[in-house]
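Here is how the chains run, residue by residue.
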Amino acid sequence: MDENLESNTLAKALAQIQDQNERQLDLMKKQLLLYRLVALLLVAVVMVLVLGLGTTYVRINRTIEHVETVTADLARADWTGMVENINTLVESSQESLGQATAKIDSIDIETLNQSIQDLSTVIGPIARLFGG
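Throughout, a residue's number is its position along its own chain's written sequence, starting from 1. Selection of residues for local features in this predicted model requires a pLDDT of at least 70, selection of side-chain atom pairs for listing and counting requires 80 or more, and totals for whole chains, interfaces and linings are taken over all residues. Side-chain measures were taken over the full set of non-hydrogen atoms in the model, leaving aside hydrogen atoms and water.

Draft legend 1. Geometry of the overall build of the chain. Helix and strand counts for the chain come out as three helices and zero strands. Along the chain, from the amino end to the carboxyl end, the secondary structure elements read α-α-α. Taking 2.2 N^0.38 as the reference for a compact globule, 132 residues should give roughly 14 Å; the C-alpha atoms of the chain span a radius of gyration of 50 Å, well beyond that estimate. C-alpha extents for the chain along the principal axes are approximately 150 × 55 × 25 Å. Partly exposed residues are those whose accessible area sits between 20% and 50% of the maximum for their type, while under 20% is buried and over 50% is exposed, using a 1.4 Å probe and protein chains only. In the chain, which comprises 132 residues, the share counted as buried stands at 1%. Surface accessibility follows the Shrake-Rupley procedure with a 1.4 Å probe radius. Residue values consider only the protein chains on display as shielding. With the model as given, the accessible surface of the chain reaches about 12,400 Å², and the carbon-plus-sulfur share is 65%. The positive count covers Lys and Arg only, the negative count covers Asp and Glu only, and His and the chain ends enter neither. The atoms used to mark charge sites are NZ of Lys, CZ of Arg, CG of Asp and CD of Glu. Each charge class in the chain can be summarised by its mean position, and for the 10 positive and 17 negative side chains these summaries are 16 Å apart. Strands are runs of DSSP state E lasting at least 2 residues, helices are runs of H or I lasting at least 4, and numbering of each runs from the N terminus. Radius of gyration: C-alpha atoms only; globule rule: 2.2 Å multiplied by the number of residues to the exponent 0.38.

In structure tokens form, the structure reads like this:
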């Protein structure tokens, strides 16, 4: 009987080991599936990053070309001539402003007011004559 008991105990132990092995195998299959999904996701992320970096690289190159063009245009600009033209424009504006101020100052405001008053006096009766 002792042998029979050992045999049963050994059979139970082997059955438990086999069950554990089957559960481990199932878990390992699930784990493999998850690893494959993660790998696929990582490949997709890398592809998106590569495409994003490619378009960014193209934009950066275009921007650099534009900056180089603007820099070259600025280097060719005649800054001295522009400043002289601005100075000439300012001086001309100052002269014109001075002339306009002189003309305004030369207006005799009292005589102008008197002329307006006289015109109003003359036009008033004419306006009444025509019904105004």
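Draft legend 2. Fine view of the pattern of salt bridges. Only one rule defines a salt bridge in this text: a Lys or Arg side-chain nitrogen within 4 Å of an Asp or Glu carboxyl oxygen. Applying the stated criterion to the full structure yields one salt bridge. With its nearest N and O atoms 2.2 Å apart, the salt bridge here joins D73 to R76. Of this pair, D73 and R76 both sit in helix α1 (residues 2–76), separated by three residues, roughly a single helical turn.

Draft legend 3. Structural context of a nonpolar patch on the surface. Residues enter a patch when their relative accessible area is above 30% and they make no salt bridge; the linking distance is 9 Å between like charges and 5 Å between nonpolar side chains (Val, Leu, Ile, Met, Phe, Trp, Tyr). Together, L119, V122, I123, I126, L129 and F130 make up a nonpolar patch on the protein surface, roughly 670 Å² of accessible area in all. Inspection of the secondary structure assignment puts I126 in helix α3 (residues 109–129). The class of I126 is partly exposed, set by a relative accessible area of 45%.

Draft legend 4. Region of the structure containing the confidence of the model for the chain. Per residue, pLDDT captures the predictor's confidence, and it can take any value from 0 to 100. Per-residue confidence for the chain gives a mean pLDDT of 88, with 98% of residues at or over 70. No element of the chain has a lower mean pLDDT than α3, which averages 83, and none a higher one than α1, which averages 93.

Draft legend 5. Structural detail: α3. Here the expected span of a helix is defined as 1.5 Å times the quantity of residues minus one. Over its 21 residues, α3 runs 31 Å from end to end, which matches the ideal 30 Å to within 8%, given 1.5 Å per residue. Here the bend at a residue means the angle between the axes of two seven-residue stretches, the one that ends at it and the one that starts at it. At I123, α3 shows its maximal bend, which comes to roughly 25°, and the proline P125 appears one to four places after that position.

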